Amino acid sequence: MTDTRETPTRPIVGVGAAIVRGDEILLIRRGKPPKVGEWSLPGGGVELGEGTREAALREVKEETGLDVRLGPLIDAVDFIEESADSVRFHYVLLDYLAFYQSGEPVAGSDATDARFHQIDAALAMPLWSETKRIINAARDLAREFAPSHTG
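All of the points below concern the structure found in this document. Just so we're clear, the structure is a prediction, and the values are computed from it rather than from any experiment. (Residues numbered from 1 in each chain as written. Predicted model: local features only at pLDDT ≥ 70, side-chain atom pairs only at ≥ 80, totals over all residues. Heavy atoms only, no water.)

With respect to the overall build of the protein chain
As a reminder, the rule being used: For helices the rule is a DSSP run of H or I covering at least 4 residues; for strands it is a run of E covering at least 2, with both sets numbered from the N terminus onward. Using C-alpha atoms as the atom set, the radius of gyration is obtained and then compared with a globule rule of 2.2 Å times the number of residues to the power 0.38. Residue burial is assigned from relative accessible area. The probe radius is 1.4 Å, only protein chains are included, and a residue is buried under 20% of its type maximum, exposed over 50%, and partly exposed in between. Here, two residues are considered to be in contact whenever any of their heavy atoms come within 4.5 Å of each other. Method for areas: the Shrake-Rupley scheme with a 1.4 Å probe, in which residue coverage is limited to the protein chains shown. Charged-residue counts in this description rest on Lys and Arg as positive and Asp and Glu as negative, His and the chain ends being excluded. A charged residue contributes its charge at one atom only: NZ of Lys, CZ of Arg, CG of Asp or CD of Glu.
What the protein chain contains, in helices and strands, is 3 helices and 7 strands. Mapped in sequence order, the helices and strands of the protein chain form the string β-β-β-β-α-β-β-β-α-α. Rg of the C-alpha trace for the protein chain: 15 Å, near the compact-globule value of 15 Å for 151 residues, within the 12% margin. Dimensions along the principal axes, computed over C-alpha positions, put the protein chain at roughly 55 × 35 × 25 Å. Counting across all 151 residues of the protein chain, residues that qualify as buried make up 43%. A fraction of 68% describes how many contacts in the protein chain between residues 6 or more apart in sequence connect residues 24 or more apart. Within the structure as shown, the protein chain displays about 8000 Å² of accessible surface, and the carbon and sulfur contribution to it stands at 51%. Measuring between centres, the 17 positive side-chain charges of the protein chain sit 2 Å from its 25 negative side-chain charges.

Comments concerning unusual backbone geometry
Cis geometry is adopted by the peptide bond preceding Pro34, which originates at Pro33 and carries an omega value of 0°. Topologically, Pro34 is positioned in the loop between strand 2 (24-30) and strand 3 (39-40).

Details of the environment of Ala55
Structurally, Ala55 can be placed in helix 1 (residues 52-64). The sequence separation of Ala55 and Leu66 amounts to 11 residues, and the corresponding C-alpha distance is 14 Å. Dropping the residues within four chain positions of it, Ala55 is found in contact with Val15, Val46 and Glu50.

Here we look at the packing of aromatic side chains
Put simply, the test is: Here the aromatic set is Phe, Tyr and Trp, taking the six-membered ring for Trp, and pairing holds for ring centres within 6.5 Å; pairs whose planes are under 30 degrees apart are stacked, those over 60 apart are edge-to-face, and all others are tilted. Lysine and arginine charges are scored as sitting over a ring when NZ or CZ, respectively, is within 6 Å of the ring centre and within 35 degrees of the ring normal.
Taken as a whole and judged by the stated rule, the model has 3 aromatic pairs. For the pair Phe89 and Tyr91, a centre-to-centre distance of 6.5 Å together with 20° between the ring planes defines the contact as stacked. Residue class for Tyr91 comes out buried when judged on its relative accessible area of 10%. On the basis of an interplanar angle of 85° and a centroid distance of 5.7 Å, the ring pair of Tyr100 and Phe116 is categorised as edge-to-face. Placement of the pair is Tyr100 in strand 6 (residues 87-102) and Phe116 in strand 7 (residues 111-118), with a sequence separation of 16 residues. On the basis of relative accessibility, which here comes to 23%, the residue Tyr100 falls in the partly exposed class. Over the ring of Tyr100 we find Arg21; its NZ or CZ atom is 5.2 Å from the centre of that ring. When the ring centre of Phe116 is taken as reference, the NZ or CZ atom of Arg21 above it lies at 3.9 Å.

Some details on the side chain of Glu59
Tracing the backbone through its elements, the reader meets Glu59 in helix 1. Beyond its immediate chain neighbours, meaning those up to four positions away, Glu59 contacts Val15, Gly43, Gly44 and Gly45.

A closer look at helix 1
One full turn of an α-helix is made of 3.6 residues, so residues set three or four places apart face in the same direction. The cut-off we apply is this: Each helix should span, by expectation, one fewer than its residue count multiplied by 1.5 Å.
Along its 13 residues, helix 1 runs 18 Å from first to last C-alpha, staying within 8% of the 18 Å computed at 1.5 Å per residue. Along helix 1, the residues classified as buried are Ala55, Ala56, Arg58, Glu59, Val60, Glu63 and Thr64. Residues of helix 1 that are buried in the fold lie against strand 1 (12-21), strand 2, strand 4 (43-45), strand 5 (67-82), strand 6 and strand 7. Downstream of helix 1 by a residue or two, Gly65 has a phi angle that is positive, lying close to 80°.

A look at the pairing of strand 1
Our working definition: We treat two strands as partners when DSSP finds at least two bridges between them.
Among the 10 residues in strand 1, 8 count as buried, and that is most of the element. Pairing geometry for strand 1 and strand 6, over 9 bridges, is parallel. When the sheet's bridge partners are listed, Gly16 is paired in strand 6 with Asp95. The antiparallel hairpin formed by strand 1 and strand 2 contains 2 residues in its connecting segment, where Gly22 sits at a positive phi of about 65°.

This is the structure in structure tokens:
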């Protein structure tokens, strides 16, 4: 039996990265469902045999071209979208804090745009409530887990 992303037979495990650079957060504009056209954190599905941290680093590179240092897990988020007679999408998303290392954001893979936003400006955007919650948590965690500037 093959699971598809739309109308799956079981939840799909996905990862996301809240990439901070100073007081900025990286957002991508989604190029594919769910939430096509909306701003979101970069991420995607975990591949068979791949760890979640490895998947987060891969997805960041594919969707943004950036190199990041992955920090701690922020939280697990459930995304369930129902249609009239079935579950259209069901993701269990593991969102990690990530620290910008190098590169300029370039939309790739499933994104149509990728750019840094001031965190307060991002929180004022029409984002999914869970995305806003993860951004707030990332800002708080970044203060505690910020990488050393000594190299």
